[in-house]
Amino acid sequence: MAAETKTIGSSLKKEISKPDDFTPPEVLYQQLIDTIKKYHPSSDVSQIEKAYKIAFEAHKEQKRKSGEPYIIHPLCVAIILAELELDKETIVAGILHDVVEDTVMTTEEIATEFSDEVALLVDGVTKLTQLDLSQDKIEIQAENLRKMFLAMAKDIRVILIKLADRLHNLRTLQYQPPHKQVEKARETMDIYAPLAHRLGISKIKIELDDISMNYLYPDVYKSLKDEITTRLMAGEEFIKEMVGQVRDCMDEGDIKCEVDGRVKHLFSIYKKMITQNKTLDQIYDIHAIRIKVESVRDCYAALGIIHEKYKPIPGRFKDYIAMPKQNMYQSLHTTLIGPGGRPFEIQIRTYEMHKTAEYGIAAHWKYKEGEGNHKDNEEQKMSWLRQILEWQTDTEDNKEFMNFVKTDLDLFSDQVYVFTPAGDVKNLPKGSTPIDFAYSIHTAVGNKLIGARVNGRQVPIETELHNGDRVEIVTSQNSKGPSRDWLAIVKSTQARTKINQWFRLENKDENILKGKEAIASYCKAKGIVLSDIMQPAFMDIVLKKYNFATWEALTASIGHGGLKEGQVVNRLMEEFKKHEASKVTEEQIVDKINTPGRGNGTPKGGITVKGMDDVAVRFSKCCAPVPGDEIVGYITRGRGVSIHRTDCVNVMCMDEFDRARLIEADWAEGLVAENLYTAEVLIYSYDNQGLIFELSKIFNEEKINLTGMNVRTSKNGKATMDIKFEIKSKEQLTKIMSKIRSVEGIIDIERTAG
């Protein structure tokens, strides 16, 4: 029974790794190769070895927060992917998944060194890493999720690599600051764990859940874990006994099978306690017996034998073989009364069903000798993703899209299984009505719905459906379409989306008019002149912000309530104000330069500006010009003219628009000798004792006032000094720099250039 006992503790044994327990990269690499060779018969690992060497070199200067070499992370990600028995291209991409973002290597170089397929995967993961899914703003969060689903649609292996990446990062989350731990755990719980669940990858989903729970609810996690561990120790003999009895029953029935025990993972138990308001004593499937057989026929034969041996608890049988879950999970679940009246659960499935439960969508890329491309299997498992992409197109409203993500992505919500008149099974959210059922068949069926029959009886269309109901939809070509009241009745996102889409299309002209009127009314109430803000350049910016192709589509969205008119008007107003500020400044410039009779004007601050008088002049801090420097003026927005040196980096890097704001400037004749100007130099030296004293002596001898000093020293014994001081001219600056350069230990000195 050793194997069964080990399995019972498997879901509780995953602890976060100890801080000093770092495995050398070469050991991890060999572990990766050994894992691959267990399921992949090819001995050619040249591409994986090449990827390892490139990643090792690319990351050699980098460390993780834990202090370990960064290469440890991509190797651990690759091992997780190999444990899912994925193809070599995915594993190569897993090793390289950070090289584009963190190093100088490009996607094009990866394509050249490996293949376009690997480059596509690495590029997809890089783009996913750049998405911030923890954003509070619903527009940004929705947009990022849309991008994630599009990346998944290009190649689902992108999200498999990202899930492996997230799992390893969670395993080492203790090295992050507390606020980051909570942020990453919450993001995982909200997005990545439900995604793994949707894709059927329980091997990853279970660990993502449990580690996230440890950081989000540490007290609950610890107490629940301690209590379950105590119960498991107390019930270990009972499980061993039941495993033995069940195996004997199967032997007597001549059914070839494997029998073992499994423990429900912590977060799943916690979720069940919360959603079903149960205590730990009321959850019967904390530990369960699992029977794996060769065929579906054997599943039902085994069920018959078990029900003959033990008394089943009424209402505790679920047939997920005949009616699979949306993530393709299949199994028979039954809860029975064991010896001494103690309840226990048995799960019965085929070996293939068990692989699907463990690997989910990842099973499509598992190496299978002698098999070609499993297109049919892929089509079946990718149907959910195609549905997401369809809803992305149909759903412009970000709130509606986020509602879809939170409801349809999360499979913790209960489902009901109902039948069409032809006997096909439809899987719907609990509480669904004939309206939801109609839209699950086809959009046209839902739009033409006028009545329904459930189990042969005419029922109101708002009737709640239950497991096993046989539903028939009555339609009519004379139907005027769905009612807005249906939106308060339906439970499925699909139905709600299709109903909203119908109203948007059906009432498009009316919604456009409503939207335009709403904008006009808002402007009137706020005292905004509509013609001022309704300019093509401003409207284009707003269209891009809210992802609309035309202004009519945007106003239609306002008309049916998908977008608030205040958001749009305020954004238009922002652009109008920017434009006006620029326009006023430009007019002032043109007026001052072109006004007849104006000369160089009165010098301000010792500066003359071409064509301007009584204009405020200030010296830029970036390059600190002093008399004798070649200078140029820059007309700022509302702060006069800023004076820069002509060799200032900021001036040399100006774009075409900013260059148009430059104006000739020069030092005024007969500058007052007492005027002082701030200069700034950088001194590079060896970190010698007495150096500061020598420099201070020079400034004191020249009667120059120091206004600031900042010194930084490096590990190699060198120092960088940033010194600010006041001088009268460039000649004085040149003299002081020459004296400093002659001091022993000085490597170089230079002026700041911006």
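Residues numbered from 1 in each chain as written. Predicted model: local features only at pLDDT ≥ 70, side-chain atom pairs only at ≥ 80, totals over all residues. Heavy atoms only, no water.

## Some points on unusual backbone geometry
- You will see that Glu85, though not glycine, has its phi angle at about 60°, which is positive.
- Topologically, Glu85 is positioned in the loop between α4 (72-83) and α5 (88-96).
- Look at Glu85 and you get partly exposed, because its relative accessible area is 22%.
- Backbone geometry places Ala624, a non-glycine residue, at a positive phi of 45°. (Helix = DSSP H or I, 4+ residues; strand = E, 2+ residues; numbered from the N terminus. Buried < 20%, exposed > 50% of the residue type's maximum accessible area, 1.4 Å probe, protein only.)

## Let's talk about the side chain of Glu702
- In this fold, Glu702 is placed in the loop between α30 (691-701) and β17 (705-713).
- Apart from the residues within four sequence positions on either side, Glu702 is in contact with Gln732, Lys735, Ile736 and Lys739. (Contact = heavy atoms within 4.5 Å.)

## Details of the pattern of salt bridges
- Here the structure, examined in full by the defined rule, presents 23 salt bridges.
- Asp165 is the partner of Lys162 in a salt bridge, and the nearest nitrogen-oxygen pair spans 3.2 Å. Pair noted here: Lys162 and Asp165 are both in helix α10 (residues 157-171), with a separation of 3 residues, about one helical turn. Accessibility assignment for this pair places Lys162 and Asp165 in one class, buried.
- Measuring nitrogen to oxygen at the nearest pair gives 3.5 Å for the salt bridge that ties Glu702 to Lys735. Placement of the pair is Glu702 in the loop between α30 and β17 and Lys735 in helix α31 (residues 730-741), with a sequence separation of 33 residues.
- Judged by relative accessible area, Glu702 falls into the buried class, the value being 18%.
- The network of salt bridges with common partners includes Asp87, Glu117 and Arg157. (Salt bridge = Lys/Arg side-chain N within 4 Å of Asp/Glu carboxyl O.)

## Brief notes about a negative patch on the surface
- Among the surface-exposed residues, Asp248, Asp251, Glu252 and Asp254 lie close enough to one another that they form a single negatively charged patch.
- Relative to the helices and strands, Asp254 is located in the loop between α13 (218-252) and β1 (257-263).
- Classification of Asp254 by relative accessible area gives exposed; the value is 70%. (Patch = residues over 30% accessible without salt bridge, like charges linked within 9 Å, V, L, I, M, F, W, Y side chains within 5 Å. Areas by Shrake-Rupley, 256 points an atom, 1.4 Å probe, with all protein chains shown as cover. Lys, Arg positive; Asp, Glu negative; His and termini not counted. Charge placed at Lys NZ, Arg CZ, Asp CG, Glu CD.)

## Thoughts on the confidence of the model for the protein chain
- Residues of the protein chain with pLDDT of at least 70 account for 80%, and the chain-wide mean is 78.
- Within the model, pLDDT remains below 50 along residues 1-21, and this stretch shows 39 contacts once partners closer than five positions in the same chain are excluded.
- This model gives residues 367-381 a pLDDT under 50, and the stretch forms 18 contacts once residues within four places in sequence are excluded. (pLDDT = per-residue confidence, 0-100.)

## Quick look at the packing of aromatic side chains
- In this structure the tally under the stated criterion is 8 aromatic pairs.
- Taking 4.4 Å as the distance between ring centres and 10° as the angle between the ring planes, the aromatic pair formed by Tyr29 and Tyr52 counts as stacked. Remark: Tyr52 occurs in helix α3 (residues 46-58) and Tyr29 occurs in helix α2 (residues 25-39); sequence separation between them is 23 residues. Of the two residues, Tyr29 and Tyr52, both sit in the buried class.
- When the centroid spacing of 5.1 Å and the interplanar angle of 55° are considered together, the rings of Phe699 and Phe725 count as tilted. Linking Phe699 in helix α30 with Phe725 in strand β18 (residues 718-727), this pair joins segments that are 26 residues apart in sequence. The same class applies to Phe699 as to Phe725, namely buried.
- Members of the aromatic cluster, each reached through a chain of ring pairs, are Tyr29, Tyr52 and Phe56. (Phe/Tyr/Trp six-rings, centres within 6.5 Å; stacked < 30°, edge-to-face > 60°.)

## A closer look at the nonpolar core
- Core analysis: the biggest nonpolar cluster contains 76 residues, and Leu32, Ile91 and Leu96 have the highest contact counts within it.
- Ranked by residues supplied to this core, first place goes to α4 with 9 residues.
- With residues up to four places along the chain from it excluded, the contact list for Leu32 reads Ile48, Leu75, Ala78, Ile79, Ala82, Ile91 and Ile95. (Core = buried A, V, L, I, M, F, W, Y, C linked by side-chain atoms within 4.5 Å.)

## Observations regarding helix α11 (residues 178-198)
- Over its 21 residues, α11 extends 29 Å from the first C-alpha to the last, a length consistent with the 30 Å expected when each residue adds 1.5 Å.
- If you look at α11, its biggest bend is around 45°, right at Thr188.
- The positive-phi residue at the C-terminal boundary of α11 is Gly200, with phi of around 80°. (Expected span 1.5 Å × (residues − 1). Bend = angle between axes of the 7 residues up to and from the residue.)

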